[in-house]
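Coordinate analysis (summary)
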Amino acid sequence: VKMAHASKRPPRVTILGPPGSGKTTLIPYILEGGKHAGMLEYVKAGKRYHEEQKRRGSAHEVTHPAWDSDGYLPFLTDLFEDISRSGKGWLLEKGPRLMEHYVPWKEAGIFPDRVVVLDCDPEELVAWARCRLQDSVTGQSYNTQGNMPEDPAILARLAQRAEDVDQETIRTRIQNFERVNYPVLSLY
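Quick caveat, the model's predicted, so the values are computed rather than measured.

**Considering the overall build of the protein chain**
Tallying secondary structure elements over the protein chain gives seven helices and seven strands in all. Counting helices and strands in the order they occur from the N terminus, the protein chain gives β-α-β-α-α-β-α-β-α-β-β-α-β-α. Taking 2.2 N^0.38 as the reference for a compact globule, 188 residues should give roughly 16 Å; the C-alpha atoms of the protein chain span a radius of gyration of 17 Å, in line with that estimate. In terms of its C-alpha atoms, the protein chain occupies a principal-axis envelope of roughly 45 × 40 × 35 Å. Put simply, of all contacts in the protein chain between residues at least 6 apart along the chain, 69% involve residues at least 24 apart. Looking at the protein chain as shown, the accessible area adds up to about 10800 Å², and 53% of this sits on carbon and sulfur atoms. Measuring between centres, the 25 positive side-chain charges of the protein chain sit 5 Å from its 26 negative side-chain charges.

See below:
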């Protein structure tokens, strides 16, 4: 965890980690625990952008919002300004993923005070991801090795994500995360 600058405002936090590292498990603890409980808004930026595009009825289909330079960054800028005006800080899952996105995000004011990086043994991640299940309604992830819902209705909806079935696919996703994200981490 690194501090970009000290401030009395609620913190701005980015959480990063390879697939299966525990981001989804850890995020509720960050949002609900400690001295900043209730003061952070959770932002999964790409998902929020896609939801906004759907709400507006945009015919423009974006497969990866970071590449939509005309709409994505202005959307994020407005989103984070709205969060700041509300008096809250934010918890951003992932953040700028490519070196060329880092500077525009920073110049737009989307820069964390703290960065949480989850670093895990890749083979443990492969084993953990193979046990991951997802709720088809909420998108919430669970794991048969410990984090399972008690509600029978939720249990009935759980399914393994396609990208978690094959071990080589999981390893490739982890390698892609390291290749793309580690250079960006050096800039924080």
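**Quick word on the environment of E150**
Relative to the elements of secondary structure, E150 occurs in the loop between β6 (141-143) and α6 (152-157). In this structure E150 comes out as exposed when scored by relative accessible area, which is 78%. Put simply, E150 and V117 are 33 residues apart on the chain and 30 Å apart in space, counted from C-alpha to C-alpha.

**Remarks on the sheet that holds strand β5 (residues 132-135)**
Think of a sheet as strands paired side by side through backbone hydrogen bonds, with each pair either parallel or antiparallel. Across the sheet, which stays open at both edges, the three strands sit in the order β6-β5-β7 with antiparallel pairing between neighbours. The open sheet has two edge strands, β6 and β7 (158-159), and neither has a second partner. Pairing of β5 with β7 involves two bridges; the strand directions are antiparallel. The partner of D135 across the bridge, within β7, is L158.

**Remarks on the nonpolar core**
A general tendency of soluble globular proteins is for nonpolar side chains to be buried together. Among the nonpolar cores identified, the biggest contains 13 residues, and V43, L76, F80 and L92 are the most heavily contacted of them. Put simply, the parts of the chain that give this core at least two residues each are α2 (45-55), α3 (72-85) and β3 (89-93). Here this core takes six residues from α3, the largest share from any one element. Not counting the four nearest positions on each side in its chain, F80 is found in contact with V43, W90, L92 and I110.

The rules behind the values
- Residues numbered from 1 in each chain as written.
- Predicted model: local features only at pLDDT ≥ 70, side-chain atom pairs only at ≥ 80, totals over all residues.
- Heavy atoms only, no water.
- Helix = DSSP H or I, 4+ residues; strand = E, 2+ residues; numbered from the N terminus.
- Rg over C-alpha atoms; globule rule 2.2 N^0.38 Å.
- Contact = heavy atoms within 4.5 Å.
- Areas by Shrake-Rupley, 256 points an atom, 1.4 Å probe, with all protein chains shown as cover.
- Lys, Arg positive; Asp, Glu negative; His and termini not counted.
- Charge placed at Lys NZ, Arg CZ, Asp CG, Glu CD.
- Buried < 20%, exposed > 50% of the residue type's maximum accessible area, 1.4 Å probe, protein only.
- Pairing = 2+ DSSP bridges.
- Core = buried A, V, L, I, M, F, W, Y, C linked by side-chain atoms within 4.5 Å.

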